[in-house]
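# Notes for the structure review
Chain by chain, the residues:
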Amino acid sequence: MTEMTSPRRGNHFPDFFTTKGPIPLNVTPINFDNRIYYQASIVSQTSELDVDARPHLKPYLDNDDEIIDCADMEENYDISLTKSGKFQTSFYVPSSFHSFLIGAKGSKLKAFQRSTNTTIKIPRINERGDVVILGETERQVASARTQIAMTIAQRKDRMPPTHFISIPIDSTIIRQNLEKFHHAVLQNPSKGVTDSLFQKAVKVHLTVAVLILLDDEEIENAKKCLQACYEEHITAIFAKNKKYKVRVQGLEIMNDDPSNVYVLYAKVQMADPELNGKLQKMCDGILSYFLRAGLAKKEADRVKLHMTVMNASFRKGNGRSMPFDARELLEEHGNFYFGEFELKQLDLCIRGTTTNELGEPKYYDTALNIIS
């Protein structure tokens, strides 16, 4: 495994949330029972220019998820005192966001500077470099950085993920059993069940975090983040050069109504029950690393460990994404045993790379592999 240095603090994409600095609000008067009440709401940026660096990618319905998150945000910024006596912070922002932060005729940039009493320098179009904020006090600088971070976070939240961190399920037995399950269900299919709903055996994996990486610098940052997470977090939970088995058995659905199902998945647990808590801790910790770096998409309270078996979003032809009836399927195959695989690798996968040159299904292309 190639050693990589840990991501340097202060050189990451800005933190999404912090308690520092003012938040722009709209205040709306509401008449009720002959009295006037005032409702405050955060100012939306949705009317500004849309930025979508990957317009060809669909929303992440996963081969597996709409699942993740582990809220663990940093609140500290790297702010230094310059020789001139002013406070300064600098941080990287993908160039695709620069025009959005500047606004029409510089209106957005002027508003940031005016509301925080700072000077903000943003690289020109097609120019590389960090966003630099200068102010008379640390609070002013932190406030400006917070406003910029929240603005970018809103934009990123509306963009489809480009990459994801996964644990590949490299097991011939599990792939064979998935094919057997596929064949058995189609012998007597329930309402809405078709061949296209089933996950391709070659693509099975566990998704740990979904990411939005907008340029080469963010991809390199993600690689460093994953390597650092492995060295600092994962190896403290699962020792290097030791084999750990994960069992895939039993079926569950993502919603509460088995007659209208969108995602059917297989449950995942360590073959040694005493290690189950460690697997969850490892995955939540990985997600936390990427949230702190501003690279992960926050979607839930924790990582939902599962292997997707069927997904309505895979449906081809008419009625795309139409739910299916899983009642009989769950009754007959609810405890289906898929097999075990070795926990030995983490991948930084690239979305939309699941077919070869002949159009045949394959596993995702990867930007980085971590092998224990």
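Residues numbered from 1 in each chain as written. Predicted model: local features only at pLDDT ≥ 70, side-chain atom pairs only at ≥ 80, totals over all residues. Heavy atoms only, no water.

## Let's talk about helix H6 (residues 276–292)
Compared with an ideal rise of 1.5 Å per residue, which puts 17 residues at 24 Å, H6 spans 25 Å between its outermost C-alpha atoms and is within 8% of the ideal. Turning to H6, its buried residues are Leu-279, Gln-280, Met-282, Cys-283, Asp-284, Gly-285, Ile-286, Leu-287, Ser-288, Tyr-289, Phe-290 and Leu-291. Where H6 is buried, its residues contact strand E7 (163–168), strand E8 (205–211), helix H5 (216–232), strand E10 (263–270) and strand E13 (345–350). One or two positions beyond H6, positive phi appears at Gly-294, with a value near 75 degrees. (Helix = DSSP H or I, 4+ residues; strand = E, 2+ residues; numbered from the N terminus. Expected span 1.5 Å × (residues − 1). Buried < 20%, exposed > 50% of the residue type's maximum accessible area, 1.4 Å probe, protein only. Contact = heavy atoms within 4.5 Å.)

## Focus on unusual backbone geometry
The phi angle at Lys-105 is positive, at roughly 55 degrees, despite the residue not being glycine. Within the secondary structure, Lys-105 sits in the loop between helix H1 (98–102) and helix H2 (107–116). You will see that Asn-241, though not glycine, has its phi angle at about 60 degrees, which is positive.

## Focus: the pattern of salt bridges
The final tally for this structure, using the stated rule, is eight salt bridges. Residue Lys-240 is joined to Glu-231 by a salt bridge in which the shortest nitrogen-to-oxygen separation is 3.3 Å. The class of Lys-240 is partly exposed, set by a relative accessible area of 41%. With relative accessibility at 27%, the residue Glu-231 sits in the partly exposed group. In this structure, Glu-340 engages Arg-247 in a salt bridge whose closest nitrogen and oxygen atoms are separated by 3.2 Å. Of the two residues, Glu-340 is situated in strand E12 (residues 337–342) and Arg-247 in strand E9 (residues 245–253); the sequence distance between them amounts to 93 residues. Judged by its relative accessible area of 28%, Glu-340 is partly exposed. (Salt bridge = Lys/Arg side-chain N within 4 Å of Asp/Glu carboxyl O.)

## Some points on the state of the cysteines
All told, the structure shown has zero disulfides when counted by the stated rule. With no disulfide of its own, Cys-225 has Cys-229 as its nearest cysteine by sulfur position, at a separation of 6.6 Å. (Disulfide = S-S within 2.5 Å.)

## Focus on the sheet that holds E9
Pairing is antiparallel in the open sheet, where four strands are placed in the order E11-E10-E9-E12. Across the chains shown, the open sheet's two edge strands, defined by having one partner strand only, are strand E11 (306–311) and E12. This sheet shows a mean twist of 30 degrees between the axes of neighbouring strands, independent of strand direction. In the sheet, E9 pairs with E10 via six bridges, with the strands oriented antiparallel. Paired with Val-248 across the bridge in E10 is Val-268. Relative to E12, helix H4 (residues 172–187) is tilted by about 160 degrees, and along the sheet it contacts E9, E10, E11 and E12. (Pairing = 2+ DSSP bridges. Axes fitted to C-alpha atoms, helices over the stretch in contact; angles between N-to-C directions.)

## What about the sheet that holds strand E3 (residues 80–81)?
Across a sheet, strands are paired by hydrogen bonds formed along the backbone, either parallel or antiparallel in direction. One open sheet accounts for four strands, arranged E3-E4-E6-E5; its pairing is antiparallel. One side of each edge strand has no neighbouring strand; the edge strands of this open sheet are E3 and strand E5 (118–121). With two bridges connecting them, E3 and strand E4 (residues 87–91) associate as antiparallel partners. Across the sheet, residue Ser-80 finds its bridge partner in E4, namely Gln-88.

The values reported here are purely geometric and, on their own, carry no functional implication.
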